[in-house]
Amino acid sequence: MSDIATPRRKSLLEHFSTIKDDRQPCKVMYPLEEVLLLVVCGTMAACDDYDDIVLWGKQHLDFLRRLQPYHFGIPCADWLRVVMNRIGPDLFSSCFLGFVAERLPEAVGQIAIDGKTSRRSHDRGRGKAALHLVSAYATTHNLVLGQRAVADKSNEINAIPLLLEELAASGALAGSLVSIDAMGCQSDIAEKIVDLGGDYLLATKDNQKTAHAEIQLYFDTAPADEIDALILHDKGHGRIETRRHLVSQRVDWMSGSRRYPDEPRFKGLKTIAMIETRIETADEIKVERRCYISSRILSAEAFAHAARAHWAIENGLHWVLDVQFKEDQSRLRRGHGATNMAMVRHLALNLIRAIPGKHSIKARRKLATWDTQYLMAALQAR
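Note that the structure is a prediction, hence the values are computed from the model and not measured. (Residues numbered from 1 in each chain as written. Predicted model: local features only at pLDDT ≥ 70, side-chain atom pairs only at ≥ 80, totals over all residues. Heavy atoms only, no water.)

> If you had to explain helix α12 (residues 337–353) to someone new, which residues and values would you point to?
The terminal C-alpha atoms of α12, which comprises 17 residues, lie 24 Å apart, in line with the 24 Å expected from a rise of 1.5 Å per residue. Within α12, 16 of the 17 residues are buried, which leaves the element mostly enclosed by the surrounding structure. (Helix = DSSP H or I, 4+ residues; strand = E, 2+ residues; numbered from the N terminus. Expected span 1.5 Å × (residues − 1). Buried < 20%, exposed > 50% of the residue type's maximum accessible area, 1.4 Å probe, protein only.)

> Outline the pattern of salt bridges, supporting the account with residue identities and numerical values.
A complete count under the given rule lists 19 salt bridges for this structure. Across the salt bridge formed by Arg239 and Glu241, the nearest N and O atoms sit 3.0 Å from each other. Take Arg239: its relative accessible area is 36%, and that puts it in the partly exposed class. Taking the relative accessible area as the measure of exposure, Glu241 reaches 12% and is therefore buried. One salt bridge in this structure joins Arg243 and Glu241, with 2.9 Å as the shortest N-O distance. Classification of Arg243 as buried rests on a relative accessible area of 8%. Among the charged side chains, a network of salt bridges with common partners joins Asp220, Arg244, Glu276 and Arg289. (Salt bridge = Lys/Arg side-chain N within 4 Å of Asp/Glu carboxyl O.)

> Could you give an account of the side chain of His318, with specific residues and numbers?
Within the fold, His318 resides in helix α11 (residues 312–323). A polar atom in the side chain of His318 sits 3.5 Å from the side chain of Glu314. Residue contacts for His318: discarding those within four places in its chain leaves Asp114, Gly115, Lys116 and Ile313. (Polar contact = N/O pair within 3.5 Å; in protein donor to acceptor, adjacent residues only side chain to side chain. Contact = heavy atoms within 4.5 Å.)

> Could you give me a rundown of the sheet that holds strand β7 (residues 239–248), with the residues and numbers involved?
Spatially, β3-β2-β1-β4-β5-β9-β8-β7-β6 is the arrangement adopted by the nine strands of the open sheet, whose pairing is mixed. In this open sheet, the two edge strands, each paired with only one partner strand, are β3 (143–150) and β6 (228–236). Strand-to-strand twist in this sheet, taken as the mean axis angle between neighbours without regard to direction, amounts to 20°. The pairing of strand β1 (residues 110–117) with strand β4 (residues 177–180) spans four bridges and is classified as parallel. Residue pairing in the sheet places Ile113 in a bridge with Ile180 of β4. Across the sheet, α11 is in contact with β1, β2 (132–138) and β3; its angle to β1 comes to roughly 40°. (Pairing = 2+ DSSP bridges. Axes fitted to C-alpha atoms, helices over the stretch in contact; angles between N-to-C directions.)

> Describe the packing of helix α2 (residues 32–44) against α12, listing the residues and the values that go with them.
In the contact formed by α2 and α12, the axes pass within 9 Å of each other and the chain directions differ by 60°. Accordingly, the angle class assigned to the pair α2 and α12 is oblique. As α2 packs across α12, the resulting crossing turns out to be right-handed. Facing Val39, Val40, Thr43 and Met44 of α2, the residues of α12 in contact are Met341, Val344, Arg345, Leu347, Ala348, Leu351 and Ile352. Each residue belonging to the contact of α2 with α12 can be placed in one class, and the counts come to nine nonpolar, one polar and one charged. (Parallel < 35°, antiparallel > 145°, perpendicular 65-115°, else oblique. Left-handed = near helix turned anticlockwise from the far one by under 90°. Nonpolar A, V, L, I, M, F, W, Y, C, P; charged D, E, K, R; others polar.)

> Before we move on, could you go through the pairing of β7 and cite the residues and values that matter?
Burial of β7 is extensive: seven of the 10 residues sit out of reach of the surface. The pairing of β6 with β7 spans nine bridges and is classified as antiparallel. Within β7, the position partnered with Asp228 by the bridge is Val247. Pairing of β7 with strand β8 (residues 271–280), which is carried by nine bridges, proceeds in the antiparallel orientation. By the bridge assignment, Arg243 is partnered in β8 with Thr277.

> For the packing of aromatic side chains, give the residues involved together with the corresponding values.
Summed over all chains, the structure comprises four aromatic pairs. Measuring from ring centre to ring centre gives 5.5 Å for Tyr218 and Trp253, while their planes differ by 20°; the resulting arrangement is stacked. Placement of the pair is Tyr218 in helix α9 (residues 209–221) and Trp253 in the loop between β7 and β8, with a sequence separation of 35 residues. Aromatic side chains Tyr292 and Phe303 sit 5.2 Å apart centroid to centroid with 70° between the ring planes, which places their arrangement in the edge-to-face category. Here Phe303 lies in helix α10 (residues 300–310) and Tyr292 lies in strand β9 (residues 285–294), a separation of 11 residues in the sequence. Exposure remark for Tyr292: the relative accessible area of 7% places this residue in the buried category. An aromatic cluster is built from Tyr218, Phe219 and Trp253, whose rings are joined through pairwise contacts. (Phe/Tyr/Trp six-rings, centres within 6.5 Å; stacked < 30°, edge-to-face > 60°.)

Functional significance is not addressed by these values, which are geometric in nature.
Listed below in structure tokens is the structure:
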């Protein structure tokens, strides 16, 4: 048996205690830890707004008092709104990242990075755009690793490097394959991923028109012995879909000549790839090509798996937040409320998924409402 002691994981409440409460202590009826515990538990228990959370809290006050005093009972919805609007999102994010970092699997695998807009969080009267969050998602483990708020989708390229640094600090990035859509296909982003110990799989499109066109031309003319191919077929819903996955490690021609001759335009580039999708229906045939670059040597099979796994962030995170947590219906607009509640939903989703079992997210949230032992197991999940 090893003599090295495993570091103790901090509880959720211990991580919450790192968030500074700038209110005057003598005037605080509802400490920050109580507010955050109530909001997280209520969100896990199928509550999608502050009014629902307050009603749930009043019905489960005995349960909450097993974890915190709640001397003055449950605050009203307006009080929750005020407190959540005031908490600094950077501090809340560091609390979230610290909690996730202690629970990372030994090998994270693939990290998908993508953005999502909360449709109804805009405030036209104040000239405030809807909240847009860039999130990092461990596709194999269905775990939200971090998020960054940006003004709009065009600012994703500014948020991604900051998010990558947070992932590296938490230990999630080392040895992982980071997949990003065409917005993240920037030489600076590729270089940062490699420098921080990860590998990249980046889609090329309009923002890298030259590379996108060159990769297509290469696969049109390349000798067969330079290419590894995998063809997959899907049939259903009145259509036949054929996907050809092509990869090659012949990348020497994609040089940039920036600092020395034949230096790759993207640091550490080892693989170029393309997916050619042919969709046949009764009325028409459509052909679409998507090109990729990667710093990892990938076979056609490994590339096909990684390209498909990237979209787990759409089904496993964005769809769940919209449909199960009703994020697009949220009307939070003032202060930091929208950003903080988005992180609460991410935290609640991680906790509820950590419970073993095959129940859907919808069923798990209902169980957390009906069964306080189930909710306690989610809070204490390792």
